[in-house]
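# Geometric and topological summary
Chain residues, written in single-letter form:
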Amino acid sequence: MRTDIFHPDFRAQPWWWEAWTPNNALSVDPPAKTDVVIVGAGYGGLSTALELRRNNIDCVVLERGVFGIGASTRNGGMISGGTNISKGLGGKNPKVDAEFAANKAAFLGSGIDSLNTLIDIIGREKIDCGLITNGRFTGAWTPKHYDDQASKVEMFNRYADVGAEMIPRERVREMMASDYYYGGMYVKRGGHLHPARYYKGLLEAAHGQGAILCGNLEAERIEKTGGGWRVLTATGPIACREVVIATNGYTGDLTPKLKMRVVPVASHIIATEELPMPATELIPHMRSIGDTKRVLTYYRPSPDGRHLIFGGRARFTAAAPEVSAPILYQYMIDRFPQLEGIRITHVWTGNVAFALDSMSHMGTDDGMHYLLACNGNGVAMMTYLGTQTARKIAGGSNASVNAFDGREFPEHPLYNGDPSLYLPLIGAWYRTRDWIDRRLAA
């Protein structure tokens, strides 16, 4: 493995933490009783808390670690207008394909609602998070992938009004300084933000509205009572009327049934040192970039336009920086050969939550609310599902207007909640399929 790619001041932590480091400054002890207990303080849990308090409903948020330590400050900060909703479809699960086909207006409508909800919260709460909405380009790995993208443009524009258009191979340099892809799709409704600064703003907004935030306090057990629930913690039980599970890619044994429905997949990211050129020379207009590979990559300029943030499936499970960073570096150089010699200052990983049907889910399980499975679209989708869950609890006008609410949440008889047994095999198979497809396309 290469070692020359690491900067002398290299850090194995998110680049985002240079602006805001996870901390428990707003943490307090929980009360003995509240209206709603929320387990998990990521985007989903905090947006639930914020909206509950806006509806004058008391709530306690339990975070088993430090606020911001999870995926909410470890992701790439990229957002879309809901076009990622259908990325897992296409023959793998005919039942889900049929469900999407019958309800695509509702699914894609909810997808664009998720982006609008995110933008509304950022504006309303005055969150300084470097939001840029100049669109997203998804490069086609093969000509076949390009044709598949083209077949969806009319659907995306009709039902989500995202301004999608196809960019043929000869025009790809309008999107990025590279000839790597066989064209691709450009979607105007998309972009990126600084995920840690967005998290900080959401945390402070929930606190400002009166949510009780409890860091380093794990929900050890949840018990049903005659009048609601009792959540047991190290500091004592908390009685409540409702429970919300918002653990997403870190769902564990507290909720074993939900654990078996969510697959945590590691996503690895690197950040470059300051570039010798503005990042806009690589990616005009500060757009975000992804691709159609099975072992996908995604990347975007940093909010200050001086660094490149580059992520992907270096491994499907956690890996040491010495393993993941060289793999991502090579992916980056494949796309931008002009960056050879640029060094890496940060490398990190976080869990992306996938459902077995590649769709997001909210609903109730044994009376407990849940919002899970962002499928790589967590910044907007978890914010949206949290807001929607709170409105559902409050009984507001939008309580049932959500295509993801109450969907069947599938299990698989061969999955026991531990992905480490088979994810490496799936990763190897996906890499082989990508290699074969690319070779055939050459």
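Structure first, text after, so check above.
Residues numbered from 1 in each chain as written. Predicted model: local features only at pLDDT ≥ 70, side-chain atom pairs only at ≥ 80, totals over all residues. Heavy atoms only, no water.

## Observations concerning the side chain of D357
Relative to the elements of secondary structure, D357 occurs in the loop between β18 (344–355) and β19 (361–365). Reaching out from D357, the side chain makes a polar contact with the side chain of H361 at a distance of 3.0 Å. (Helix = DSSP H or I, 4+ residues; strand = E, 2+ residues; numbered from the N terminus. Polar contact = N/O pair within 3.5 Å; in protein donor to acceptor, adjacent residues only side chain to side chain.)

## Some points on unusual backbone geometry
The general pattern is negative phi for most residues beyond glycine and trans for most peptide bonds. Residues other than glycine seldom take positive phi values, yet H285 does so here, at roughly 65°. Locating H285 in the fold gives a position in the loop between β14 (262–272) and β15 (288–291). Phi at D366 takes a positive value of approximately 55°, unusual for a residue other than glycine.

## Some words on the nonpolar core
Grouped together as the largest cluster of nonpolar side chains are 114 residues, with contacts concentrated most on I38, F137, M176, Y198 and L339. Broken down by element, this core gets its largest block of residues, 9 residues, from helix α2 (residues 94–124). Residue contacts for M176: discarding those within four places in its chain leaves F137, Y181, L282, P284, I289, Y299 and F336. In this structure, I222, W229, L258 and M368 belong to the second largest nonpolar core, which totals 23 residues. (Core = buried A, V, L, I, M, F, W, Y, C linked by side-chain atoms within 4.5 Å. Buried < 20%, exposed > 50% of the residue type's maximum accessible area, 1.4 Å probe, protein only. Contact = heavy atoms within 4.5 Å.)

## Here we look at the packing of aromatic side chains
Summed over all chains, the structure comprises 15 aromatic pairs. Judged by centre distance (5.2 Å) and plane angle (85°), the ring pair of Y180 and Y181 falls under edge-to-face. On the basis of relative accessibility, which here comes to 14%, the residue Y180 falls in the buried class. The class for Y181 is buried, based on a relative accessible area of 0%. Summarising the aromatic geometry, the rings of Y299 and F310 are spaced 4.7 Å apart at their centres and angled 15° between planes, so their arrangement reads as stacked. With Y299 in strand β16 (residues 297–301) and F310 in strand β17 (residues 308–312), this residue pair connects regions lying 11 residues apart in the sequence. (Phe/Tyr/Trp six-rings, centres within 6.5 Å; stacked < 30°, edge-to-face > 60°.)

## Quick notes on the pattern of salt bridges
Per the stated rule, a full pass over the model turns up 25 salt bridges. Between K259 and D253 there is a salt bridge whose closest N-O contact spans 2.7 Å. The class for D253 is exposed, based on a relative accessible area of 62%. The partner of D357 in a salt bridge is R407, with the nearest N and O atoms 3.1 Å apart. (Salt bridge = Lys/Arg side-chain N within 4 Å of Asp/Glu carboxyl O.)

## Here's the deal with the packing of helix α1 (residues 43–54) against helix α5 (residues 195–208)
Between α1 and α5, the shortest axis-to-axis distance is 9 Å and the interhelical angle comes to 30°. Here α1 lies roughly parallel to α5, going by the angle between them. Note on packing geometry: the crossing formed by α1 with α5 is left-handed. For the pair α1 and α5, the contacting residues are Y43, L46, S47, A49 and L50 in the first and P195, Y198, Y199, L202, L203, A205 and A206 in the second. In the contact of α1 with α5, the residues fall into 11 nonpolar, 1 polar and no charged. (Axes fitted to C-alpha atoms, helices over the stretch in contact; angles between N-to-C directions. Parallel < 35°, antiparallel > 145°, perpendicular 65-115°, else oblique. Left-handed = near helix turned anticlockwise from the far one by under 90°. Nonpolar A, V, L, I, M, F, W, Y, C, P; charged D, E, K, R; others polar.)

## Focus on helix α4 (residues 153–160)
Those residues of α4 not exposed but buried are V153, M155, F156 and A160. Projection of α4 onto a plane perpendicular to its axis shows the buried side chains occupying an angular sector of 165°, all on one side. Of the exposed residues in α4, the ones pointing more than 90 degrees away from its buried face are E154 and R158. Considering only its buried residues, α4 is in contact with α2, α3 (143–150), β6 (164–167) and β7 (184–187). After α4 finishes, the residue D161 shows a positive phi value of roughly 50°. (Arc of directions from axis to C-beta.)

## Observations concerning the pairing of strand β13 (residues 242–245)
What you see with β13 is no split at all: E242 and V244 on one side and V243 and I245 on the other are buried throughout. Here strand β2 (residues 36–39) pairs with β13 via 4 bridges, running parallel. By the bridge assignment, V39 is partnered in β13 with I245. Taken together, the 2 bridges between β13 and strand β20 (residues 368–372) define a ladder with parallel strand orientation. By the bridge assignment, V244 is partnered in β20 with H369. (Pairing = 2+ DSSP bridges.)

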